[in-house]
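Take a look at the letters that make up each chain.
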Amino acid sequence: MRLMCLDDDPRIEAVLGRFLKRFGHAVDFHVSVISFKAALASDLPELVLLDLDLGRENGIDVIHWLAETHPGMPVVLLSGHGDNLLDTARRIARSTGIQVLGAVSKTRMVKELPAILIKGVTAAWQQRGQDPQAGAAFTREDLARQIRSGGIVAHFQPIVSPADGQLRGAEVLVRLQLPNGQIISAAEFIPLAESSGLIDEVTENLFERLLGSREMLALSGVAFIAVNLSPLILQQERALVLVRRLVDGFAAICSVKIEMTESAATAYPDVLRSVAAQIHLMGASLAIDDFGIGYSSMRALAELPFDTLKIDLSFVSEMFASPKALRLLRAMISFGQALELQVVAEGVETEAQRQLLIEAGVDLAQGYLFGKPMTAEALANTFSTRRPS
Ligand code: C2E
Ligand code: MG
Ligand code: MG
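Quantities reported herein were computed from a predicted structural model and do not represent experimental measurements.

Peer 1: An account of the domain arrangement of the chain is needed here, citing residue identities and associated values.
Peer 2: Here the chain is partitioned into domain 1 (2-129) and domain 2 (140-386). Domain 1 and domain 2 are separated by 38 Å when their C-alpha centres are compared. Taking both sides of the interface into account, the surface hidden between domain 1 and domain 2 amounts to around 480 Å²; carbon and sulfur atoms contribute 35%. Applying the counting criterion to the domain 1 and domain 2 interface returns 2 salt bridges. A salt bridge links E318 to R90, with the shortest nitrogen-to-oxygen separation between them at 3.7 Å. Counting every contact that joins domain 1 to domain 2 gives 3 residue pairs in polar contact (both at pLDDT 80 or more). Its residues assigned to classes, the side of domain 1 that touches domain 2 shows no nonpolar, 1 polar and 5 charged.

Peer 1: Provide a residue-level description of the site of ligand 1, including the pertinent values.
Peer 2: Neighbouring ligand 1 are 23 residues; E171, R175, D289, E349 and Y368 lie closest to it. Between ligand 1 and S230 there is a distance of 3.3 Å, counted from a nitrogen atom to a backbone nitrogen or oxygen. When ligand 1 sits alone it has 800 Å² of accessible area, and the protein chains cover 83% of it. In this structure, ligand 1 is accommodated by the largest pocket. Residue assignment for the shell around ligand 1 shows that the elements contributing at least two residues are β9 (167-177), α7 (186-195) and β13 (285-291). Here the shell around ligand 1 takes 4 residues from β9, the largest share from any one element.

Peer 1: Run through the coordination of the magnesium ion (ligand 3), naming residues and quoting values.
Peer 2: Taken together, the protein donors to the magnesium ion (ligand 3) comprise D289 (OD), D290 (OD), E346 (OE) and E346 (OE), at separations of 2.0 to 2.7 Å. When the donor residues of the magnesium ion (ligand 3) are listed from N- to C-terminus, their spacing reads D-D-x55-E. In this structure, the magnesium ion (ligand 3) lies 4.1 Å away from the magnesium ion (ligand 2), the two metals sharing D289 as a donor. Residue D290 is found in strand β13, and its partner E346 is found in the loop between β15 (342-345) and α17 (351-360); the two are separated by 56 residues along the sequence.

Peer 1: Tell me about empty space enclosed by the protein, and please be specific about residues and values.
Peer 2: Taken as a whole and assessed by the stated rule, the structure comprises 2 cavities of 30 Å³ or more. Empty space within the largest cavity amounts to approximately 40 Å³. With 4 residues, the top contributor of residues to the lining of the largest cavity is helix α4 (residues 83-95). In terms of residue class, the lining of the largest cavity is made up of 4 nonpolar, 1 polar and 3 charged.

Calculation notes
Residues numbered from 1 in each chain as written. Chains lettered and ligands numbered in written order. Predicted model: local features only at pLDDT ≥ 70, side-chain atom pairs only at ≥ 80, totals over all residues. Heavy atoms only, no water. Domains from an automatic or database assignment. Buried area = accessible area lost by both parts, 1.4 Å probe. Salt bridge = Lys/Arg side-chain N within 4 Å of Asp/Glu carboxyl O. Polar contact = N/O pair within 3.5 Å; in protein donor to acceptor, adjacent residues only side chain to side chain. Nonpolar A, V, L, I, M, F, W, Y, C, P; charged D, E, K, R; others polar. Near = heavy atom within 4 Å. Areas by Shrake-Rupley, 256 points an atom, 1.4 Å probe, with all protein chains shown as cover. 1 Å grid on protein atoms, 1.4 Å probe; cavity = no way out; pocket = protein on both sides within 12 Å on 5 of 7 lines; lining within 4 Å. Sits in = over half its atoms within 2 Å of the grid points. Helix = DSSP H or I, 4+ residues; strand = E, 2+ residues; numbered from the N terminus. Donors = N, O, S within 2.8 Å, 3.2 Å for Na, K, Ca; no water. Points joined across faces, edges and corners; volume = space filled by probe spheres on them.

In structure tokens:
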């Protein structure tokens, strides 16, 4: 692979040059930002190694420049300033659209770079040839038409006990199924539904579908279903009518958990207090979702009757890339335990993540490792009919 390295310390060439050559990589070293930019203008590498500390100049400016001039360029960040700075720089770079393949402390460079570069070979210029319009958003009218023609469907993602993989519950994730069979995920249309006043209709339709899946769900053996409710719905008295319909409808099969995002819980505490209390009284439980990415949610946790804490999937996906994310993840698990909340880790994709989460003490886990969101029928087919004891 052809690499370009920007580091104001000329010794890096001696340390890395021969070492990377052994792995079959050719590196073009630059000690000044000017020569680096000039070289990039004439010869495009497949990956950039970027030191954050560049004497008078700094790597953050270079990140922004790269994002503007070479969007999608794969980059590995280097720093002698420790993991905290690397972590922040990685987030800055990602938010600008740069592909960050790794963020490596210089003390660990020789050990960690080879594996990252292998990843780089496959990722190199992935961005190229991608259609920026792919997945272009719907209009409000498209969405309204699809909802009214029965496009709203319920998918179910298994929530398991991480040690034995036994099914405990399932999160209901709404999908839009187009007439050609294409499935649109929640992340792609829920924001539009919320901003265009269609979220009520989406929710009503979803709940009808859910009630229609009762028999299949009973076969799967879930002990609970977890349903996401938009903050816009949770602010209305009608939320209680909807939740009551679900709790009664599922009474013979499983319990109902209502998930509200951390930001919803912090934005409207007054209205939510009463709605949350009544949801609780109806016999449904309450989860705080995407925990860790909002702010000042301590008050919400203190005031609302949550019994479940779902840690945002970004902490799980980053736990091996960022020592800070791992420390935060462990702290959040302990925090949930101290409040006697059931702690759920989302976004578990690998066996290594599963092992670490078991060791850290999470109660439940959810993620592609255990199953992607699927139809009620697939859930029933995949998991045994035996209810975990
Ligand atoms: P969420 O409640 O945090 O749901 C988890 C999201 O993470 C889902 O995306 C799920 O498909 C995805 N996910 C699960 N496991 C993994 C994994 O291992 N790796 C990765 N990369 N992703 C994973 P989805 O279905 O697109 O939902 C996105 C968000 O949309 C949800 O986040 C929730 O906030 C909202 N949403 C979903 N269904 C509904 C609904 O019925 N009503 C409302 N109001 N919002 C919903
Ligand atoms: Mg959720
Ligand atoms: Mg979540």
